[in-house]
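Structural overview for review
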Amino acid sequence: MAISNVQNEGSWIRVYDEKSKKISEMSSSNKQVVGIGSDFFVTEEGSWIRVYDEKCKKISEMSSSNKVVRAAAGQTFTTKEGSWLRTYDKKCKKISEKSA
């Protein structure tokens, strides 16, 4: 199912489909939504970057040490790591990198 929007609403993170129907929700405690792909979203949670599917089920995670999530689109998300821009898939597997 495609994700249209993910947003913090009070103490919840809510996921919506293309018809603006709520698909799922989870607590927003210690979580910040930092990117939305076509069928996943990315959060920063303390020292972790975590990727969730449209049902708020965790797909993968990686350390956020020296990483800042810049964007998510389609099937990937991009981080800035020092002087590098790195692109990852939703399983946190590095796809590419280039100098920033």
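Residues numbered from 1 in each chain as written. Predicted model: local features only at pLDDT ≥ 70, side-chain atom pairs only at ≥ 80, totals over all residues. Heavy atoms only, no water.

1. Observations regarding the sheet that holds strand S2 (residues 12-16)
We count it as follows: By the convention used here, strands pair only if DSSP detects at least 2 bridges between them. Working definition: helices are DSSP H or I runs of at least four residues, strands are E runs of at least two. Numbering for both runs from the N terminus. Lines are fitted to the C-alpha atoms to define the axes, a helix being fitted only along its stretch in contact, and any angle between axes, read from their N-to-C directions, falls within 0 to 180 degrees.
Overall, antiparallel pairing links the 3 strands, which are arranged S1-S2-S3 in an open sheet. If you trace the sheet from one side to the other, it starts and ends with strand S1 (5-9) and strand S3 (22-27), each paired once. Sheet twist, expressed as the average angle between the axes of neighbouring strands with direction ignored, equals 20 degrees. In the sheet, S2 pairs with S3 via 5 bridges, with the strands oriented antiparallel. Each residue of the ladder has a partner; that of Val15, found in S3, is Ser24.

2. Focus: the pairing of strand S4 (residues 32-36)
Sheet topology places S4 next to strand S5 (residues 40-45); 4 bridges connect them, and they run antiparallel. When the sheet's bridge partners are listed, Gly35 is paired in S5 with Val42. Count of turn residues in the S4/S5 antiparallel hairpin: 3 residues.

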